[in-house]
Amino acid sequence: MSEDVGKAIEILSDILQNSKLGEQEIERERGVILREMQEVETNLQEVVFDHLHATAYQGTPLGRTILGPTKNIKSLTRQDLADYIRLHYKGSRMVLAAAGGVKHETLVDLASKHLGALGGKVEGALPQPPAYCRFTGSEIRVRDDDMPFAHIAIAVQGCGWTSADNIPLMVANTIIGSWDRSHGGGGNLASNLAHYSAESNLCHSFQSFNTCYKDTGLWGIYFVCEPMKCETMLYNIQSEWMRLCTSVTESEVARAKNLLKTSMLLQLDGTTPVCEDIGRQMLSYGRRLPLHELEARIDAITPVDVKEACNKYIYNQCPAVAAVGPIENLPDYTRIRGSMYWLRV
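Residues numbered from 1 in each chain as written. Predicted model: local features only at pLDDT ≥ 70, side-chain atom pairs only at ≥ 80, totals over all residues. Heavy atoms only, no water.

Peer 1: Looking at this structure, I do not really get the sheet that holds strand 5 (residues 217-225). What am I missing?
Peer 2: Strands pair in a sheet through their backbones, by hydrogen bonds, and they do so in one of two ways: parallel or antiparallel. Strand order in the open sheet made by the six strands is 1-6-2-5-4-3, with mixed pairing throughout. Taken across any chain shown, the strands that pair with only one partner, and hence form the sheet edges, are strand 1 (139-143) and strand 3 (178-180). The average undirected angle you get between the axes of adjacent strands in this sheet is 15 degrees. The strands touched by helix 7 (residues 166-176) are strand 2 (150-158), strand 3, strand 4 (205-212) and strand 5; relative to strand 4, the strand with the most contacts, the crossing angle is about 175 degrees. (Pairing = 2+ DSSP bridges. Helix = DSSP H or I, 4+ residues; strand = E, 2+ residues; numbered from the N terminus. Axes fitted to C-alpha atoms, helices over the stretch in contact; angles between N-to-C directions. Contact = heavy atoms within 4.5 Å.)

Following this line, the structure appears as structure tokens:
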């Protein structure tokens, strides 16, 4: 309730600043995280994306999984947690976000009252992240012919949150779209790749993605197909990518822009997603982008912008590939790389 905002902030501040970190609770949570890790390992989409990051950003922090290795989880002590909280939990590294029945001035007063003691000064020197997480065009394959379906992701290096190329790449991502066998549409599907997949039974599902980090990203597609359909599906994907680089049409860019604006608005349906959006944008951009500004940026995109962005990030670039399952039919990396450009007379 809106009248309980003060109590909620008090509880949150108490959790952040005065957690007891009891040994029994730590051991119980350690077991929970180990079970979560086992669940993640059974989710093949998660496994493929972990492999994709590991090969695309090998030798950099972005190549590591979120949960980390099992030996780390088993070896963490209460002192490790206390040291981390003391070092990192500072006002300059936090965002307090709220949405719904709360006034900004009230939130500021409550933050000063309950979180003011945190201060903004960091004790000691924080570990410095690398200046740049290097992308490496490469592949990782985990072949298992006993599995019923092949799970494959292919991506090129995308751009960071604040890059001017982000919106054109989001439009290109929307043009590719996503599809699942349970979807209807058949020959009336707007996405060319979805149309081919439905008509020719190329895959069970696919989804394009545009994952952004501070100064880099992954732009690509993840798909699930039957064992001997890998090559044909990959051929159609790369053909679509090349078409985006050379001959994307006005009508599909207009459709993608409308779809992108609609999906962004739908993601903000409720106070919880709005609150998360505020926090995420404050951490990423240092401010919250107003919806009208975001819409104006999307509306300003032209087919030329999409082609230029795709030529910059996709055309003749080395992709990262991660594949799990019965992938005998997946072309070798040299052939995949050779399909990242067209030779036309």
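Peer 1: Looking at this model, I keep getting lost on the packing of helix 7 against helix 9 (residues 230-246). Mind explaining?
Peer 2: Two numbers describe a pair of packed helices, the interaxial angle and the distance between the axes. At their nearest, the axes of helix 7 and helix 9 sit 11 Å apart, and the two run at 135 degrees to each other. Relative to helix 9, the element helix 7 is oriented oblique. Along this stretch, helix 7 crosses helix 9, giving a crossing that reads as right-handed. Where helix 7 approaches helix 9, its residues Ala-172, Ile-175 and Ile-176 are matched on the opposing element by Glu-240, Trp-241, Arg-243 and Leu-244. The class makeup of the residues in the contact of helix 7 with helix 9 is five nonpolar, no polar and two charged. (Parallel < 35°, antiparallel > 145°, perpendicular 65-115°, else oblique. Left-handed = near helix turned anticlockwise from the far one by under 90°. Nonpolar A, V, L, I, M, F, W, Y, C, P; charged D, E, K, R; others polar.)

Peer 1: Explain empty space enclosed by the protein here, please?
Peer 2: Taken as a whole and judged by the stated rule, the model has one cavity of 30 Å³ or more. Looking at the largest cavity, its volume works out to about 40 Å³. Within the residue set of the lining of the largest cavity, elements represented by two or more residues are helix 10 (250-266) and helix 12 (291-299). The biggest single contributor to the lining of the largest cavity is helix 12, with four residues. (1 Å grid on protein atoms, 1.4 Å probe; cavity = no way out; pocket = protein on both sides within 12 Å on 5 of 7 lines; lining within 4 Å. Points joined across faces, edges and corners; volume = space filled by probe spheres on them.)

Peer 1: Looking at this model, I keep getting lost on the nonpolar core. Mind explaining?
Peer 2: Soluble globular proteins: nonpolar side chains tend toward being buried together. Membership of the largest hydrophobic core comes to 51 residues, with the highest contact counts inside it found for Phe-206, Trp-219, Trp-241 and Ile-314. Sorting elements by how many residues they give to this core places helix 9 first, with eight residues. In contact with Trp-241, not counting residues within four places along its chain, are Ile-154, Ala-155, Val-156, Ile-176, Trp-219, Gly-220, Ile-221, Ile-314 and Met-340. (Core = buried A, V, L, I, M, F, W, Y, C linked by side-chain atoms within 4.5 Å. Buried < 20%, exposed > 50% of the residue type's maximum accessible area, 1.4 Å probe, protein only.)

Peer 1: I tried to follow the side chain of Ser-197 on my own but got confused; where do I start?
Peer 2: Its place among the elements puts Ser-197 in helix 8 (residues 192-200). A distance of 2.8 Å separates a polar atom in the side chain of Ser-197 from the backbone oxygen of Leu-193. Excluding residues within four positions of it along the chain, Ser-197 makes contact with Trp-179, Leu-202, Cys-203, Phe-206 and Met-233. (Polar contact = N/O pair within 3.5 Å; in protein donor to acceptor, adjacent residues only side chain to side chain.)

Peer 1: When you look at the packing of aromatic side chains in this model, what are you seeing that I'm missing?
Peer 2: The geometry of two aromatic rings is summed up by the distance between their centres and the angle between their planes. Across all of its chains, the model carries five aromatic pairs by this definition. Here Phe-49 and Phe-209 contribute two aromatic rings whose centre-to-centre distance is 4.9 Å and whose plane-to-plane angle is 70 degrees, an arrangement assigned as edge-to-face. Residue Phe-49 is located in helix 3 (residues 44-56), and its partner Phe-209 is located in strand 4; the two are separated by 160 residues in the primary sequence. Phe-209 carries the same exposure label as Phe-49, and that label is buried. One aromatic cluster is present, built from ring pairs that chain together Phe-49, Phe-209 and Tyr-222. (Phe/Tyr/Trp six-rings, centres within 6.5 Å; stacked < 30°, edge-to-face > 60°.)

Peer 1: Explain helix 9 to me, please; I cannot follow it from the model alone.
Peer 2: Owing to its 3.6 residues per turn, the α-helix aligns residues three or four sequence positions apart on the same side. Here helix 9 is 17 residues long and its end C-alpha atoms lie 24 Å apart, about the 24 Å a rise of 1.5 Å per residue gives. Burial of helix 9 is extensive: 12 of the 17 residues sit out of reach of the surface. Residues of helix 9 that are buried: Cys-230, Met-233, Leu-234, Asn-236, Ile-237, Gln-238, Glu-240, Trp-241, Met-242, Arg-243, Leu-244 and Cys-245. (Expected span 1.5 Å × (residues − 1).)

Peer 1: Looking at this structure, I do not really get the packing of helix 10 against helix 12. What am I missing?
Peer 2: Contact pair helix 10 / helix 12: the axes reach a minimum separation of 10 Å and the direction vectors enclose 160 degrees. Taken together, helix 10 and helix 12 sit at an angle that is classed as roughly antiparallel. Regarding helix 10 and helix 12, the two cross each other, and that crossing is right-handed. Each of Lys-257, Leu-260, Lys-261, Met-264 and Leu-265 in helix 10 lies in contact with helix 12, whose residues at this interface are Leu-291, Leu-294, Glu-295, Ile-298 and Asp-299.

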